[in-house]
Amino acid sequence: MVAGYAGLPFGDFSQCEAGNVGVLGVPSEVDSGPRIGSALAPDALRKMSQQLGTDLPVNGRDLGNLGLSGDWSGALIQLVLQMVDHDIIPVVLGGASDVASVVLRALPNLPVVAAMQLTRADVAARSENTIWLGLNGGQPTDVWDQISQRRMEWRTARQLDEGHSEFSGMPDCAILWVDISVIDLGHAAGAISLNPAGMKPETLVSVIATMTCSWKAIVITGLAPARDTRGMSELTVIETLHAALRNG
């Protein structure tokens, strides 16, 4: 395995202290479709952060990759709960979207900020304390109805690119879920889902940087690094993570 993410030493949960981050790779693969490769994302992000000489604004440990044999979702839930209980921020590098679904199940009472192109029924069914970033026009009607009924806040990719990033109900703390497919295909080709009308990378980074809530967990999904030979998708993820941790 390559060196730890952004210069962090490899270690285990017991070596983390309150206020640290615990970076964990969960290399799950998408079930189907032509753009596979999400299992490669955690190590690709580690490698790119080393090439860039990136340092995180917080200390912590890289916990390596979670083994996906057996009940990996149960193991992930337990590890996330342990970290949050000890005031350690889980930074979970997926993997497919099932990784984020597990983290959200572990922390059902926390608000969510979800950066993704399409809404998801499992997130829309949660509490009203959810903010959606970067939605496009192809939302399922039934899920859109759930968002409206719960009075969730949302901004489209176009609204955010035009600077409309104010939110009336910003929570004090939340889970941040970024699916790289929220980025426009022309800017970041390394995504599981194609999004030709998505956000600009700099928009995503700047929007996350201005959010004042404390992130109790951060999850990245949907990155298929082999699809982006320039590495722009990994760079976007790394810059977004660092913007989030500067505030969180």
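The coordinates are above.
Computed from a prediction, not measured in an experiment: that's the story for all the values here. Within each chain, residue numbers correspond to sequence positions counted from 1 in written order. Only residues with pLDDT of at least 70 get local features here, since the model is predicted, and only at 80 or more are side-chain atom pairs given and counted; chain-wide, interface and lining totals rely on the full set of residues. Calculation of side-chain values draws on the structure's entire complement of heavy atoms; hydrogens and water are dropped beforehand.

**Some details on the state of the cysteines**
Note the threshold: Criterion for a disulfide: a pair of cysteine sulfur atoms at a distance within 2.5 Å.
In the structure shown here, the tally under the stated rule is zero disulfides. You can see Cys 16 has no disulfide; the closest cysteine sulfur is in Cys 173, sitting 20 Å from it. The thiol of Cys 213 is unpaired, and the distance to the nearest cysteine sulfur, on Cys 173, comes to 8.0 Å.

**Observations regarding the side chain of Asp 184**
Inclusion rule: Put simply, DSSP H or I for four residues or longer makes a helix, DSSP E for two residues or longer makes a strand, and each gets a number counted from the N terminus. The cut-offs for exposure are 20% and 50% of the maximum accessible area for each residue type, with area from a 1.4 Å probe on protein chains only; residues under the lower value are buried, those over the upper are exposed, and the others partly exposed. His is not counted, nor are the chain ends; Lys and Arg add positive charge and Asp and Glu add negative charge. Counted as salt bridges are all cases of a side-chain nitrogen of Lys or Arg within 4 Å of a carboxyl oxygen of Asp or Glu. Whether two residues are in contact is decided by their heavy atoms: any pair within 4.5 Å suffices.
In this fold, Asp 184 is placed in the loop between β7 (173-179) and α7 (201-210). One buried charged residue, Asp 184, remains without a salt bridge, the closest side chain of opposite sign being Arg 230 at 8.9 Å. When sequence neighbours within four positions are dropped, the list of residues in contact with Asp 184 reads Asn 195, Pro 196, Ala 197, Gly 198 and Met 199.

**Examining the packing of aromatic side chains**
We apply this condition: Only rings of Phe, Tyr and Trp enter the pairing, Trp through its six-membered ring, and a pair is recorded when the two centres are within 6.5 Å. The plane angle decides the type: under 30 degrees is stacked, over 60 is edge-to-face, the rest tilted.
Following the criterion strictly, the structure yields one aromatic pair and no others. Ring plane angle 65 degrees and centroid distance 4.8 Å describe the contact between Trp 144 and Trp 154, whose orientation is recorded as edge-to-face. With a gap of 10 residues between them, Trp 144 in helix α5 (residues 141-149) and Trp 154 in strand β6 (residues 153-156) connect regions that are remote in the sequence. The exposure class of Trp 144 is partly exposed, given its relative accessible area of 26%.

**Points about the sheet that holds strand β2 (residues 60-65)**
The cut-off we apply is this: The pairing criterion for strands is at least two bridges between them, as found by DSSP. For helices, the fitted line uses only the C-alpha atoms of the stretch in contact; every axis is such a line through C-alpha atoms, and the angle between N-to-C directions lies from 0 to 180 degrees.
Taking strand neighbours across the sheet as the criterion, the eight strands line up as β2-β1-β3-β8-β7-β4-β5-β6 in an open arrangement whose pairing is parallel. Either end of the sheet is taken by a strand with one partner, and the two such strands are β2 and β6. Across the sheet, the mean angle separating the axes of adjacent strands is 15 degrees when strand polarity is ignored. Summarising the sheet, strand β4 (residues 112-115) and β7 pair through four bridges and their orientation is parallel. Bridging across to β7, Ala 114 finds its partner in Trp 177. Strand contacts of helix α1 (residues 41-52): β1 (21-26), β2 and β3 (89-94), with the helix running at about 140 degrees to β2, the strand carrying the most contacts.

**A look at helix α2 (residues 72-85)**
The cut-off we apply is this: Expected helix span is given by 1.5 Å per residue-to-residue step, counting one fewer step than there are residues.
Between its first and last C-alpha, α2 extends 20 Å over 14 residues, near the 20 Å set by a 1.5 Å rise per residue. Among all positions of α2, only Trp 72, Leu 76, Ile 77, Leu 79, Val 80 and Met 83 are buried. On the buried face of α2, the contacting elements are β1, β2, β3 and α3 (98-106). Looking one or two residues beyond α2, the residue adopting positive phi is Asp 87, at roughly 60 degrees.

**Remarks on the environment of Ala 191**
Here Ala 191 shows up in the loop between β7 and α7. On a C-alpha basis, the gap between Ala 191 and Ile 88 in space is 28 Å, while along the polypeptide they are 103 residues apart. If near-sequence neighbours (up to four positions away) are discounted, Ala 191 is found in contact with Arg 35, Ile 180, Ser 181, Gly 222 and Ala 224.

**With respect to the pairing of strand β5 (residues 130-135)**
Stated formally: Orient the strands so they point away from the viewer; a crossover is then right-handed if the path from the first strand over the helix to the second runs clockwise.
In terms of residue burial, β5 counts as a mostly covered element, since six of its six residues are buried. Here β4 pairs with β5 via four bridges, running parallel. In the strand pairing of β5, Ala 115 is matched with Leu 133. Pairing between β5 and β6: four bridges, direction parallel. Directly across from Leu 135, in β6, lies its bridge partner Thr 156. A crossover connection joins β5 to the parallel β6 through α5; in handedness this β-α-β unit is right-handed.

**Some details on the nonpolar core**
Condition: Here, the term nonpolar core denotes a set of buried Ala, Val, Leu, Ile, Met, Phe, Trp, Tyr and Cys residues that are joined through side-chain atoms within 4.5 Å.
Core analysis: the largest hydrophobic core is formed by 43 residues, its most contacted members being Tyr 5, Val 21, Leu 133 and Trp 215. Element by element, the count of residues in this core is highest for helix α8 (residues 232-247), at five residues. Beyond its immediate stretch of four places on either side in the chain, Tyr 5 contacts Val 23, Leu 45, Arg 46, Ser 49, Gln 50, Leu 56, Asp 62, Leu 93, Ile 238, Leu 241 and His 242. If you look at the next biggest cluster of nonpolar residues, it comprises 36 residues, including Val 102, Leu 104, Val 143 and Ala 217.

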